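# A closer look at the structure
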Amino acid sequence: MLDNMLCLNVRHQLPQIGIRQQQAMGEKNAYVPAELHHNYEPPVADVYVTPVKVDIDTYPSRTAYGFLNNTDFAKKYGDLGKQNIQSHTSELTQSAWDMAKNGARPGASKIAAQAKSKFWGEVVQWLGWEAKHVPDPVFTVTPSRVEGQMNPGSDSYDINTTGHADIAIKTGSAETYIAQKGDIRMWTTKGHYDIYA
């Protein structure tokens, strides 16, 4: 009975769909780092103390003992020399007039009288000498003082930042395609089974 039987054979093939895809990825994802600047100025203690200064002027004391500097010495003894010249000139002039008028008188000894007068004048001057007060030295004290100025220095940081990052992104993609088309095949066979089907 199978030999004369007509059989319909059907073979089908399902379609196959393929997908090509590419993931999204970041090609560049970098940030711009902040810049840090350190500003430092060291402190400086530019402060110092001046020493005490004592000036002692002993010249008034030394002057009382007769120790003079060159200027005062020249002035004192220059003036004294002028006075002595005037005094001795006047004294010698008076002595000469006295000798001229009275030196020839009998019993007059003008030379001895003048010498005696001069001697006693010097004795009286010497006896009348008084001790001079010796003045104290003059002390001038300059006290110690703090001078200069302290610089406390500075220490600071500057941070420079940017408001954006350096980013580049490659977008993803998806593509579908038919890898294999669907197919339905039909044929008939007579008298036997078609194993291919």
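Relevant structure appears above.
For clarity, every value in this text was computed on a predicted model and none was experimentally measured. (Residues numbered from 1 in each chain as written. Predicted model: local features only at pLDDT ≥ 70, side-chain atom pairs only at ≥ 80, totals over all residues. Heavy atoms only, no water.)

### Overview of the overall build of the protein
Helix and strand counts for the protein come out as three helices and 12 strands. Sorting the 197 residues of the protein into buried and exposed places 6% on the buried side. Nonlocal contacts in the protein, meaning residues at least 24 apart in sequence, comprise 90% of its contacts between residues at least 6 apart. If you sum the accessible surface of the protein, you get close to 17300 Å²; carbon and sulfur atoms cover 58% of it. (Helix = DSSP H or I, 4+ residues; strand = E, 2+ residues; numbered from the N terminus. Buried < 20%, exposed > 50% of the residue type's maximum accessible area, 1.4 Å probe, protein only. Contact = heavy atoms within 4.5 Å. Areas by Shrake-Rupley, 256 points an atom, 1.4 Å probe, with all protein chains shown as cover.)

### Overview of the side chain of S61
Within the secondary structure layout, S61 lies in helix α1 (residues 59–64). Looking at S61, its side chain comes within polar contact range of the main-chain oxygen of P135, at 2.5 Å. Ignoring sequence-local partners within four residues, the contact set of S61 consists of V134, P135, D136 and P137. (Polar contact = N/O pair within 3.5 Å; in protein donor to acceptor, adjacent residues only side chain to side chain.)

### Comments concerning the pattern of salt bridges
A full pass over the atoms with the stated rule returns two salt bridges. E175 is the partner of R20 in a salt bridge, and the nearest nitrogen-oxygen pair spans 3.7 Å. Separated by 155 residues along the polypeptide, R20 in strand β2 (residues 16–22) and E175 in strand β11 (residues 173–180) bring together distant segments of the chain. Owing to a relative accessible area of 44%, R20 belongs among the partly exposed residues under this scheme. Taking relative accessible area as the criterion, E175 reaches 43% and is therefore assigned partly exposed. One salt bridge in this structure joins E147 and R145, with 2.6 Å as the shortest N-O distance. For R145, a relative accessible area of 42% translates into the label partly exposed. (Salt bridge = Lys/Arg side-chain N within 4 Å of Asp/Glu carboxyl O.)

### Quick word on the side chain of T50
Inspection of the secondary structure puts T50 in the loop between β5 (44–49) and β6 (53–57). Accessibility expressed as a relative area gives 13% for T50, which makes it buried. In contact with T50, other than residues within four places in its own chain, are P143, S144, R145 and E147.

### Describing the environment of D158
Residue position: D158 is located in strand β9 (residues 154–160). For D158, a relative accessible area of 38% puts it in the partly exposed group. Along the primary structure D158 and L36 are separated by 122 residues, whereas in three dimensions their C-alpha atoms are 5.8 Å apart. Of the polar contacts made by the side chain of D158, one reaches the side chain of N39; its length is 2.8 Å.

### A word on a nonpolar patch on the surface
The grouping of V52, V54, I56, F139 and V141 at the surface amounts to a nonpolar patch, some 490 Å² of accessible area in total. Listing elements by their share of the nonpolar patch, those giving two or more residues are β6 and β7 (138–142). Within the fold, V54 resides in strand β6. Classification of V54 as partly exposed rests on a relative accessible area of 46%. (Patch = residues over 30% accessible without salt bridge, like charges linked within 9 Å, V, L, I, M, F, W, Y side chains within 5 Å.)

### A closer look at the environment of L6
Counting through the fold element by element, L6 comes out in strand β1 (residues 6–13). Sequence-distant contacts of L6, that is, excluding residues within four places in its chain, are made with T188, T189 and K190.

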